[in-house]
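Understanding the architecture of this molecule
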Amino acid sequence: MMETNRKLNRREALKRMGLLVAGSVAAASGTFALSSCSVPKLRRIIFYFTGTGNCLYVARQLATESTTLLSIPQLVKQGNYDFEADEIGIVYPIYGHMPPYMVRQFIQKARLKAGYKFAVLTFGARKCNAVEIWDEAARKAGHTFDYITTIIMVDNWLPNFDMNEQMKLDKHIPESLQRINADLAVRRRWHEPVTEEERAMHAGFMAYTGLDPEKGFVMKSEKYFRVTDRCVDCGICTYVCPRGNYSLTSRGVKAEGDCEFCFACIHNCPQKAIQFAHLPDDPLLARGEVNPDARYRNEHISLYDLKAANNQLL
Ligand SMILES: Cc1cc2nc3c(=O)[nH]c(=O)nc-3n(C[C@H](O)[C@H](O)[C@H](O)COP(=O)(O)O)c2cc1C
Ligand code: SF4
Ligand code: SF4
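A quick note: this is a predicted structure, and the numbers were derived from the prediction, not measured.

**Focus on the site of ligand 1**
- Around ligand 1 lies a shell of 24 residues, among which T50, G51, T52, T122 and A125 are the nearest.
- Within the contact set of ligand 1, an oxygen atom lies 2.7 Å away from a side-chain nitrogen or oxygen of T50.
- Against a free-state accessible area of 650 Å², the protein chains account for coverage of 96% of ligand 1.
- Of all elements in the fold, only α3 (54–61) and β7 (116–123) reach the threshold of two or more residues within the shell around ligand 1.
- When the residues that make up the shell around ligand 1 are grouped by side-chain class, the tally is 12 nonpolar, 10 polar and 2 charged.

**Observations concerning the sheet that holds β7**
- Strands sit in the order β3-β2-β5-β7-β8-β9 across an open sheet of 6 strands; the sheet is parallel. With one partner strand each, in any of the chains shown, β3 (67–71) and β9 (190–191) form the two edges of the open sheet.
- As judged from the 7 bridges shared by strand β5 (residues 87–93) and β7, these two strands associate in the parallel manner. Across the sheet, P93 pairs through a bridge with T122, a residue of β7.
- Sheet strands touched by helix α6 (residues 130–140): β5, β7, β8 (147–152) and β9. Its angle to β8, the strand with the most contacts, is close to 140°.

Rules used throughout
- Residues numbered from 1 in each chain as written.
- Chains lettered and ligands numbered in written order.
- Predicted model: local features only at pLDDT ≥ 70, side-chain atom pairs only at ≥ 80, totals over all residues.
- Heavy atoms only, no water.
- Near = heavy atom within 4 Å.
- Polar contact = N/O pair within 3.5 Å; in protein donor to acceptor, adjacent residues only side chain to side chain.
- Areas by Shrake-Rupley, 256 points an atom, 1.4 Å probe, with all protein chains shown as cover.
- Helix = DSSP H or I, 4+ residues; strand = E, 2+ residues; numbered from the N terminus.
- Nonpolar A, V, L, I, M, F, W, Y, C, P; charged D, E, K, R; others polar.
- Pairing = 2+ DSSP bridges.
- Contact = heavy atoms within 4.5 Å.
- Axes fitted to C-alpha atoms, helices over the stretch in contact; angles between N-to-C directions.

These values are about where atoms sit, not about what they do.
Below is the structure:
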């Protein structure tokens, strides 16, 4: 670890904020080694994936002075998979208790060298066996995580929750962050326990939804989302989508392509012009959404932050 009191240049300052585009910091060789003499020696890397900001917020709260935050969608886009640090962490939202597909793709290709690896999974209501699912996916890809835990946040799953109600709930986030930071400070080796009941609940969920356990929520934007005439062509959806699925065309905004179902688009549209398609036979969306007027972004994360984290128009 190296920390100095000298004034940071803009590049270093952005890096500490977690806003520096991953592709621009990765060496041409493809290996981002924190021991390189061209950048200050940094101790911890935290990779994150976020749709509505919870995970970016958590990643920031787990960042020490000498931490670099890196956006998984941008690393995947740039093809950067080689990393080395003293400690490596990952923060992602669980989707049906599973990692987002892009997180899975990232870990399958990543070559991570670190003395300590940790994973923090955010969720909103029911975590089930998410810890075990991550452990297994990571092990399959050749990674052992020393510490895996969960943290409850606002649940951004619109089909079941009214965001206005979710935001009123006290989910004891500061206390959870304090617990996790204390664990990381002593490099605790621990996986949060999972019960038989939680395993059974996940099995029931998979049977009901018919999702592929190797992929989780990989959907098609064109099937699930529609843009109404409230759209004012502001372009925000083109920046916040971690898959870059939205484009402004002469005939309005179009969304197509493999979709993480992260809901960054639908939650961040200032006009609430993005809505779910009417899908009465879909097990996930048969009942539509609870409150089409309520949208959410983590209160500590600005739209600018989210655009910087997910921007694929690089
Ligand atoms: C597609 C999808 C599936 C989700 N599945 C679950 C789940 O199984 N259990 C749960 O407690 N929360 C679930 N959530 C809620 C998110 O995990 C939670 O709100 C997370 O903190 C969002 O993180 P973000 O703001 O960084 O995107 C789901 C959200 C989405 C969009
Ligand atoms: S964010 Fe909403 S209003 Fe802006 S271009 Fe996209 S759909 Fe239209
Ligand atoms: S289309 Fe929407 S839900 Fe799908 S990946 Fe993009 S932002 Fe996420």
